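A look at the structure
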Amino acid sequence: MNDMRTPSADTVSHALVDDATYRTMYQASVSDPDAFWGEHGKRIDWIKPYTKVKNTSFDYHNVSIKWFEDGTLNVAANCIDRHLPERAHQTAIIWESDDPGVSQHISYQELHEQVCRFANVLHAMGVKKGDRVVLYLPMIPQAAYAMLACARIGAVHSIVFAGFSPDALGSRVADCGAKLVITADEAPRGGRQTALKANADKALAKLPEVKLLVVRRTGGDVAWNPERDVWLHEEMERVSAHCEPVEVGAEDPLFILYTSGSTGKPKGVLHTTGGYLVYASMTHQYVFDYHDGDIYWCTADVGWVTGHSYIVYGPLANGATTLMFEGVPTWPDASRCWQVCEKHKVNIFYTAPTAIRALMGQGDQFVEGIDLSSLRVLGSVGEPINPEAWEWYDRVVGKGRCPIVDTWWQTETGGILIAPLPGATPTKPGSATRPFFGVQPAVLDPHSGEEITGTVAEGVLAITDSWPGQMRTVYGDHDRFVSTYFEQYKGSYFTGDGCRRDEDGYYWITGRVDDVINVSGHRMGTAEVESALVAHPKVSESAVVGFPHRIKGQGIYAYVTLMHGEEPSEELRKELVAWVRSEIGPIASPDLIQWAPGLPKTRSGKIMRRILRKIAENDYAALGDTSTLADPGVVDDLIENRMNR
Ligand code: WT7
């Protein structure tokens, strides 16, 4: 595994840090975290400076994570107000709409006014410090305004990806006890409109206390409930453009973001204020080698954590120009991303392997002829990037000049934990390389839980000490936080990922080791898809696993047992796919459904997923031990009728 790519002389001369500096800083960060973060915590503005830095415990009996706990600050003031003296007229947000003919530049001054007004609208609607507000919005500037407006008044936002169904929205609104939902009339994407307001109406049908604030995006027709619904543009006119940022504690919540786990319903990952902002801004600067004046584009959606940390909070805390893209990479055609890079002279481009693979599959002609000379750094996130996609990204998009930063992290981690630093870290296609400052990864033996201390190691990935961006708890369920992340391997944060460490100490993430699958970089709990399927009246039982998918990374493979007397048919297959889409959202649509007269179970009734995964992968030759099955015969039927041949 020694396919090392050393950074070019240009990259090195431009870079914030070189290899030696990385090593020195990393050593300092882990040998004395208090001193290191005490210093770097000053990169943001504090109202009341902290005197304590790190107060964290991964002890299973007493998990508690606090950073900068006695400091106070305001995130919106850090992302906007403090930049005004120097960059009032600099563009804060470039908005590129779904329509390739429409874009907009929003200066820091304009951002300030919009966010202040928005915050006053929230106030006028009764939102107070600590209240939860759910955002269900397209990728429009109002999404960023709404986030920052919440932060300005100390309210806690919880964004629900606009691709989620009314049911998924409703359950998240109920779980976090939000009193207000912010949505838009419609969400244009790839030339089509999603009826967001209509979805929100359905979601709120059983939540009569919740108010709805609506952004007019397309002007399309919407049903209106005058008791409950409020147009944002009307309220924005009414309120003052002045709004003092509220002083909040470093450990006060900033946002909740629901994410899927291996069991049960999605959990509300809670991030707090001070440590999160320090970590998001610092990783944004170092991992992307961000310099003043750079045009930075992350193609994620604000509905995912990447959009929180690396479209809004990290870049704006650094006074950057961040691009927000409403559309999709393949519409009007596969050149869209490169057209946008050329049009706005993007310097740093951050996307997901699934997008790279999809664009690669369309052919190089969509990239050729477009001026990509502004590009300097390319990023990847969301799932392991296969070397073929890495090479294409490097050669066809980066013309061999741009370092690729493969960034490994999670909703829970708040920011990037493992990634190369441009100019400092030689890269290897497919490896996320080395830990960021303050991050202490450990490779554990999955069976014994012992740390494998040799440089070369393979096992599960854990992190042995806290970093400032770490989630603090599961909203409303601290026990679940402890049992999900700290119980299995006591004393460490368990990531749920498998990994390998090579002879250079580089990390290679091999994918989830739990019942979470990664579909196009989106995290999906197999249990969630299963419970959607069994909610269908004709389904008696189901088991869902991932299988390798050329574009999506992993696809969703569902084994379905029907109720007695129900007959399998193509219509029913389509009906079940549509059913899951409407229960969860299009990202959860099963790619393959296999009718299973029975599922392989142990005598105690536990489904043997290992066997189902092997069959779904079309790798059934070595199924391992099936002798503990209650009825070994079901396996032959499943192999016989497998869908992924
Ligand atoms: C899971 C977290 C972090 C933002 C996007 C996803 C996988 C993420 C990488 C990478 C290999 C990766 C892991 C992780 N993952 N980035 N660079 N290489 N795997 O956030 O939805 O919380 O998912 O995504 O399996 O655990 P998420």
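Residues numbered from 1 in each chain as written. Predicted model: local features only at pLDDT ≥ 70, side-chain atom pairs only at ≥ 80, totals over all residues. Heavy atoms only, no water.

What to know about unusual backbone geometry
What you tend to see is this: most non-glycine residues have negative phi, and most peptide bonds are trans. Here the amide bond leading from W331 into P332 is cis, since omega sits at -5 degrees, within 30 degrees of zero. On the secondary structure map, P332 appears in the loop between β17 (321-325) and α13 (336-344). Its identity as a non-glycine residue notwithstanding, K399 has a phi of 50 degrees, on the positive side. Its location among the elements puts K399 in the loop between α15 (387-397) and β20 (404-407). Under the relative-accessibility criterion, K399 is labelled partly exposed at 41%. Positioned with a positive phi, N618 is a non-glycine residue whose angle comes to about 60 degrees. Judged by its relative accessible area of 30%, N618 falls in the partly exposed class. (Helix = DSSP H or I, 4+ residues; strand = E, 2+ residues; numbered from the N terminus. Buried < 20%, exposed > 50% of the residue type's maximum accessible area, 1.4 Å probe, protein only.)

Topic: the site of the ligand
Among the 17 residues in the neighbourhood of the ligand, the closest are listed as D406, T407, T411, D497 and R523. Here a nitrogen atom of the ligand and a backbone polar atom of P384 are 3.4 Å apart. Side-chain polar atom of T411 to an oxygen atom of the ligand: 2.5 Å apart, as the coordinates give it. If the ligand stood free it would expose 550 Å²; the protein chains cover 95% of that surface. Broken down by secondary-structure element, the contributors of at least two residues to the shell around the ligand are α12 (305-317), β20 and β25 (507-512). (Near = heavy atom within 4 Å. Polar contact = N/O pair within 3.5 Å; in protein donor to acceptor, adjacent residues only side chain to side chain. Areas by Shrake-Rupley, 256 points an atom, 1.4 Å probe, with all protein chains shown as cover.)

Considering the sheet that holds strand β22 (residues 457-463)
Ordered in space as β21-β22-β24-β25, the four strands form an open sheet in which the pairing is antiparallel. Two strands lie at the open edges of the sheet, namely β21 (441-444) and β25, each paired on one side alone. Sheet twist, expressed as the mean angle between neighbouring strand axes with direction ignored, is 45 degrees. By the bridge criterion, four bridges tie β21 to β22 in an arrangement that is antiparallel. When the sheet's bridge partners are listed, V443 is paired in β22 with L461. (Pairing = 2+ DSSP bridges. Axes fitted to C-alpha atoms, helices over the stretch in contact; angles between N-to-C directions.)

A closer look at the packing of helix α2 (residues 19-31) against helix α3 (residues 33-40)
To describe two helices that pack against each other, one gives the angle between their axes and the distance between the axes. In the contact formed by α2 and α3, the axes pass within 5 Å of each other and the chain directions differ by 115 degrees. Classified by the angle between their axes, α2 and α3 sit roughly perpendicular to one another. Contacts between α2 and α3 involve M25, A28, S29, V30 and S31 from the first element and P33, F36 and H40 from the second. A per-class count over the contact of α2 with α3 returns five nonpolar, three polar and no charged. (Parallel < 35°, antiparallel > 145°, perpendicular 65-115°, else oblique. Contact = heavy atoms within 4.5 Å. Nonpolar A, V, L, I, M, F, W, Y, C, P; charged D, E, K, R; others polar.)

Quick look at the UniProt feature "modified residue: N6-acetyllysine" (unreviewed entry) in the protein chain
UniProt marks K606 with the feature "modified residue: N6-acetyllysine" (unreviewed entry), using the numbering shown here. Here K606 is to be found in the loop between β30 (592-595) and α19 (609-616). Residue K606 is classed as exposed on the basis of its relative accessible area of 58%. When residues no more than four places from it in sequence are discounted, the contact partners of K606 are P600 and K601. (UniProt positions renumbered as here; feature names shortened; annotations may be inferred.)

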